[in-house]
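Structure assessment
Okay, here's what each chain looks like letter by letter:
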Amino acid sequence: MTGSQGPVFSRRALIGTGLGVGASVLAVGGAAAASAAERPSAGRAGAPQRAYAFLAAATDAYPDHGTIRLAQSYSDQAGLFSTAFTYDNALVILAHLASGTRDSCSRAVALGDALLYAQAHDPAHDDGRLRQAYNVGPYTFYDGSPQPDGFVRADGTANVGTQFGFTGTAVGDMAWAGIALGALARRTGQRRFLTGAVRIGEWIERVGRTDEPLGGYKFGVDGADAKLPFTSTEHNTDLVALFGQLGRLTGDKEWRERRARAAAFVTSMWEPSGGFFYTGTNDGVTINRSPIPEDTQTWTHLALASPAHARSLDWAATELAVLDTADRRNSTVPAGQSYEGVTFSSAGLLANEDAPIAEGQPKPDRNGVWFEGTAHLALALRDRRAAGDETHARRLLASVERAQDLLGDGQTVGGGALPVRSGVVSASSPLDTGFGFGYYPYRHAGATAWYLLAVARANPLRA
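Here's a quick rundown of the structure. Everything numeric here is computed off the predicted structure, so don't read it as measured data.

1. Considering the overall build of the protein
- Looking only at helices and strands, the protein has 12 helices and 17 strands in total.
- In terms of C-alpha radius of gyration, the protein reaches 20 Å, essentially the compact-globule figure of 23 Å for 463 residues.
- Relative to its 463 residues, the protein shows a buried fraction of 63%.
- With the model as given, the accessible surface of the protein reaches about 15600 Å², and the carbon-plus-sulfur share is 51%.
- Taking the average location of the 42 positive side-chain charges in the protein and that of its 46 negative ones, the two points are 7 Å from each other.

So this is what it looks like as structure tokens:
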């Protein structure tokens with residue numbers, strides 16, 4: 001993410017921005033929940049299994065449209081139809097590998113092969129790239145135009161998400177796909193996964209490398225293949241993990257140099273007086289100082305494990321902490337329920353509660369909990385293991401599990417009912433990220449996968 005003037009094609013940027021998404025959030029039911037302190041330890045019996053059941057349902061939602069498939073990212077109610085984001089699917093692969101069961105490993109391999117298929121069957125390019133998202137099942141778009149195909153179109157090409165404009169290629173999305181393919185290569189010993197990950201890394205090196213004063217790797221390209229000027233702390237953090245993994249898997253020393261370049265950019269975004277990382281730069285010269293996002297605090301720790309920067313977790317846990325309750329203005333949490341966690345960025349705490357996040361959308365709740373970020377904060381705390389970190393992480397994960405139990409009831413994927421109490425919604429109430437888009441209470445593959453990684457203590461950014 002690169003600030004409020006960043007590109008709209010980022011992997012998150014069109015979630016709920018008015019492209020046909022319903023203006024009202026689904027009503028959710030359920031009895032009042034116990035406070036976080038009263039809940040059993042995170043990962044209680046059944047919660048992870050139900051999360052995996054959601055990921056399976058999202059992957060198997062279109063059985064009549066081929067065996068090569070990706071997981072639909074959001075429940076149908078989000079209004080994105082059968083969109084499968086590359087980033088979300090990389091996380092689903094990693095969550096399946098963290099399970100260690102035969103079925104989960106098989107599902108991880110199938111999703112990895114689907115990413116390789118997309119890489120080899122792009123409708124316009126043969127250079128190793130993946131797109132921001134794909135369609136995985138049929139639907140009729142809001143303008144009445146049909147989208148009849150599954151993930152593989154009739155002509156054999158991968159079904160790129162053109163109707164929503166998800167056609168660009170972001171370095172961060174590519175890095176996560178490469179991380180997932182590298183993990184599959186380690187787990188299975190299959191060369192094809194490492195080959196795909198290397199192709200991704202080489203594409204990023206060719207397209208993203210910059211010699212601007214702040215260095216690092218640029219954002220990627222838009223759907224017209226034009227390079228974008230932004231450089232993201234989050235993306236370069238992803239590259240620390242990807243390039244480090246490729247260096248270990250291939251033994252080629254150039255990956256270590258590339259990792260060092262990405263890491264140098266990340267550490268240049270550190271603000272020592274506040275103990276946090278800035279979001280990046282729009283021009284390669286000037287640091288964007290607002291908003292300050294959560295993931296640049298947690299992912300940096302997961303990737304770097306740097307004691308000198310470990311305070312970033314304390315900043316995120318304190319400065320972005322929220323508690324969403326039913327009596328808050330614009331909250332959609334049912335009476336008697338409450339959820340704690342973190343919001344997406346510093347701007348979310350200052351959101352205009354008198355206006356919708358985007359045209360046709362509900363007004364934001366400044367205390368809406370971003371469950372994806374709450375889960376990776378929990379994982380980062382478990383990884384750091386300072387005094388009180390495990391207790392804090394368990395409390396956060398209990399909040400995520402409560403959301404899986406009680407929020408998003410009645411939602412569907414591919415028109416089919418989801419298993420009961422399965423899948424974590426992306427947010428407890430509508431929240432404004434401060435980057436031009438919002439999150440809403442729709443069940444989400446990415447948030448669910450991060451929850452599973454946190455429960456398993458599986459750090460995807462440091463193999």
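From this point, the discussion proceeds with the structure in view.
2. Quick word on the packing of helix H8 (residues 295-304) against helix H10 (residues 371-384)
- Their axes nearest at 9 Å, the elements H8 and H10 cross at an angle of 35°. Once H8 is placed against H10, the crossing between them reads as left-handed. Contact residues: Asp295, Thr298, Trp299, His301 and Leu302 in H8; His376, Leu377, Leu379, Ala380, Asp383 and Arg384 in H10.
- Here the contact of H8 with H10 is built from residues that sort into five nonpolar, three polar and three charged.

3. Topic: the packing of aromatic side chains
- The tally for this structure, following the rule as stated, stands at 29 aromatic pairs.
- Here Tyr117 and Phe151 contribute two aromatic rings whose centre-to-centre distance is 6.3 Å and whose plane-to-plane angle is 55°, an arrangement assigned as tilted. Of the two residues, Tyr117 sits in helix H3 (residues 102-120) while Phe151 sits in the loop between strand E4 (146-147) and strand E5 (169-170), which places them 34 residues apart along the sequence.
- Of the aromatic side chains, those joined through ring pairs into one cluster are Phe81, Phe85, Tyr139, Phe141, Tyr142, Phe164 and Phe166.
- It is Arg258 that lies over the ring of Trp255; its NZ or CZ is 4.5 Å from the centre.

4. A few points about helix H5 (residues 191-208)
- Along its 18 residues, H5 runs 25 Å from first to last C-alpha, staying within 8% of the 26 Å computed at 1.5 Å per residue.
- Listing the buried residues of H5 in full gives Phe193, Leu194, Gly196, Ala197, Ile200, Gly201, Trp203, Ile204, Glu205, Val207 and Gly208.
- In this fold, the buried residues of H5 make contact with H3, E5, helix H4 (171-188), strand E6 (220-221), helix H6 (233-250) and helix H7 (254-268).

5. Quick word on the pattern of salt bridges
- One pass over the structure, following the stated rule, counts 28 salt bridges.
- Residue Glu390 is joined to Arg394 by a salt bridge in which the shortest nitrogen-to-oxygen separation is 2.8 Å. Of the two residues, Glu390 and Arg394 both sit in helix H11 (residues 389-406), four residues apart, roughly one turn of that helix.
- Exposure remark for Glu390: the relative accessible area of 23% places this residue in the partly exposed category.
- Looking at Arg394, the relative accessible area reads 32%, which means it is partly exposed.
- Connected through salt bridges with shared partners, the residues Glu202, Glu205, Arg209, Glu257 and Arg258 form a single ionic network.

6. Digging into H3
- End to end, H3 covers 27 Å across 19 residues, agreeing with the expected 27 Å (1.5 Å per residue, within 8%).
- On its buried side, H3 packs onto helix H1 (47-59), helix H2 (86-99), strand E2 (133-135), H4 and H5.

Parameters at a glance
Residues numbered from 1 in each chain as written. Predicted model: local features only at pLDDT ≥ 70, side-chain atom pairs only at ≥ 80, totals over all residues. Heavy atoms only, no water. Helix = DSSP H or I, 4+ residues; strand = E, 2+ residues; numbered from the N terminus. Rg over C-alpha atoms; globule rule 2.2 N^0.38 Å. Buried < 20%, exposed > 50% of the residue type's maximum accessible area, 1.4 Å probe, protein only. Areas by Shrake-Rupley, 256 points an atom, 1.4 Å probe, with all protein chains shown as cover. Lys, Arg positive; Asp, Glu negative; His and termini not counted. Charge placed at Lys NZ, Arg CZ, Asp CG, Glu CD. Axes fitted to C-alpha atoms, helices over the stretch in contact; angles between N-to-C directions. Left-handed = near helix turned anticlockwise from the far one by under 90°. Contact = heavy atoms within 4.5 Å. Nonpolar A, V, L, I, M, F, W, Y, C, P; charged D, E, K, R; others polar. Phe/Tyr/Trp six-rings, centres within 6.5 Å; stacked < 30°, edge-to-face > 60°. Lys NZ or Arg CZ within 6 Å of the ring centre and 35° of its normal. Expected span 1.5 Å × (residues − 1). Salt bridge = Lys/Arg side-chain N within 4 Å of Asp/Glu carboxyl O.

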